[in-house]
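Coordinates in review
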Amino acid sequence: MTAWCWNSTVSPVVLPFEALLDVTLPVFLVIGFGYAAVRSGVFPDASVDGLMRFAQGIAIPFLLFRAISTLDLQQTFQWPLLLSFYSGATAGFVAGIAGARLLFRRPWADSVAIGFCCLFSNSVLLGLPITERAYGSGALATNYAIIAIHAPFCYALGITTMEVVRHGGGGLLRTIRAVLMAMVRNALMIGIAAGFAVNLGGIQLPAVLTEAVDLIVRAALPAALFGLGGILVRYRPEGDMKTVLYISAVGLLLHPAITWSLGANLSLDQGQMRSAVVTAAMAPGVNAYLFANMYGVAKRVAATSVLVATALSILTATFWLSILG
């Protein structure tokens, strides 16, 4: 997969004291460049939406398609890996709800949205480039196994819980049906499903087609990171900072800690442990805000948590890379 992933010149083995400059900082600098360009007006804010539509609607779906179409599914999709990661994610979701409700006295609907911020780590825009720069493009197979069910799992858990606390489950079936239809039309899910179809069907794609797709894929992560920086300009450091810092602590520390502990007990190999923990340690993605906005609750806290946790993850990602070696 080295032909089409975002090329990395960093050695697959990163020393702890070199991690910040050699691995994490370049990724966040690209985000910073996007933020500075939009903030200064050099790159128009109106153009950010177009860039992100290309990155998230075309380039990243192609990236996921190419990755999953070439994976060794039997070797990659293993229950100890998925159990380790998603147990940590679920624990973060529960901790987010409990903290919002018991510590910060938020309403139940707000608490679920805050829990979702703790649940949904930015597995694609941050997890992929940091894992690749730290451990090489060959380490990404495990990331793709996690990503393949990330959105369906998180949205199913978040929406089910939200509907229960808001309506006692009365509108649950109707809401789940609408969400499933939205996922069917989602470009990322289409890319993942097409990748599985090609892989399981043993379909051999023409070389000229894969080369054309690979040209687009090479732009996926740099464009998405730059666009993410531009989007963050729209968020302001507002809201209850205690709640935001709590979300950051759960997402950046608790989730990866549980994943690391379970992974050790379930005997994950080194590559699986690295990908699972690094992905778990990523800041909440923009989807955290989209979920809050969908229900019209805790929007300011969700937006601020995306901004603050992304900045803090420069340090916490370096910490976890140091632990993982």
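Everything quoted here is computed from the prediction, not taken from an experiment.

Calculation notes
- All residue numbers refer to position in the chain's written sequence, counted from 1.
- In keeping with the predicted nature of the model, local features appear solely for residues at pLDDT of at least 70, side-chain atom pairs appear and are counted solely at 80 or more, and the whole-chain, interface and lining totals rest on all residues.
- Heavy atoms from the whole structure form the basis of all side-chain values; hydrogens and water molecules are not counted.
- Helical segments are the DSSP runs of H or I of at least four residues, strand segments are the runs of E of at least two, and each set is numbered from the N terminus.
- Note on contacts: a residue pair is in contact if any heavy atoms of the two residues lie within 4.5 Å.
- We define a salt bridge as a side-chain nitrogen of Lys or Arg found within 4 Å of a carboxyl oxygen belonging to Asp or Glu.
- The buried label goes to any residue with under 20% of its type's maximum accessible area, the exposed label to any with over 50%, and the partly exposed label to all in between, with areas taken from a 1.4 Å probe on protein chains only.
- Remark: nonpolar core denotes a set of buried residues (Ala, Val, Leu, Ile, Met, Phe, Trp, Tyr, Cys) joined through side-chain atoms within 4.5 Å.
- Looking at any residue, its pLDDT shows the predictor's confidence there, from 0 to 100.
- Whenever two N or O atoms come within 3.5 Å, that pair is a polar contact, provided that in protein one can donate a hydrogen and the other can accept it, and provided that, for residues adjacent in sequence, both atoms are side-chain atoms.

1. Let's talk about the side chain of Ser111
Position of Ser111 among the secondary structure elements: in helix H5 (residues 108-119). With residues up to four places along the chain from it excluded, the contact list for Ser111 reads Gly96, Ile97, Ala100, Arg101 and Arg106.

2. Considering the pattern of salt bridges
Counted by the stated rule, this structure contains four salt bridges. When the shortest N-O distance is used, the salt bridge between Asp45 and Arg234 registers 3.2 Å. With a gap of 189 residues between them, Asp45 in helix H2 (residues 45-69) and Arg234 in the loop between helix H12 (220-232) and helix H13 (241-265) connect regions that are remote in the sequence. The class of Asp45 is partly exposed, set by a relative accessible area of 37%. Here Asp49 and Arg234 are joined by a salt bridge, their closest N and O atoms 3.0 Å apart.

3. Quick word on unusual backbone geometry
Even without a glycine there, the phi angle at Arg105 is positive, about 55 degrees. Positionally, Arg105 belongs in the loop between helix H4 (79-103) and H5. Residue Arg105 is classed as exposed on the basis of its relative accessible area, which comes to 67%.

4. Concerning the nonpolar core
Counting 100 residues, the largest nonpolar core has Ile130 and Tyr144 as the members making the most contacts within it. Other than its neighbours up to four places away in sequence, Ile130 contacts Val23, Val27, Phe28, Val278, Met282, Ala317 and Leu321.

5. Examining the environment of Gly325
Tracing the chain through its elements places Gly325 in the segment after helix H16 (299-324). Sequence separation between Gly325 and Ala134 is 191 residues, and the spatial gap between their C-alpha atoms is 9.4 Å.

6. What about the confidence of the model for the protein?
This prediction gives the protein a mean pLDDT of 86; 89% of its residues lie at or above 70. When the criterion is pLDDT under 50, residues 1-16 qualifies, and its contacts beyond four places in sequence or with other chains add up to 42 contacts.

7. Quick notes on the side chain of Ser84
Looking at the secondary structure, you find Ser84 in helix H4. Within polar-contact distance, the side chain of Ser84 engages the backbone oxygen of Pro80 at 2.7 Å. Setting aside residues no more than four positions away along its own chain, Ser84 makes contact with Thr259, Leu262, Gly263, Leu266 and Leu268.

8. Quick look at helix H14 (residues 270-280)
With nine of 11 residues buried, H14 is to be regarded as a mostly interior element. Buried within H14 are the following residues: Gln272, Met273, Arg274, Ser275, Ala276, Val277, Val278, Thr279 and Ala280. For H14, the capping residue at the N-terminal end is Asp269, with a side-chain oxygen 3.1 Å from the backbone nitrogen of Gly271.

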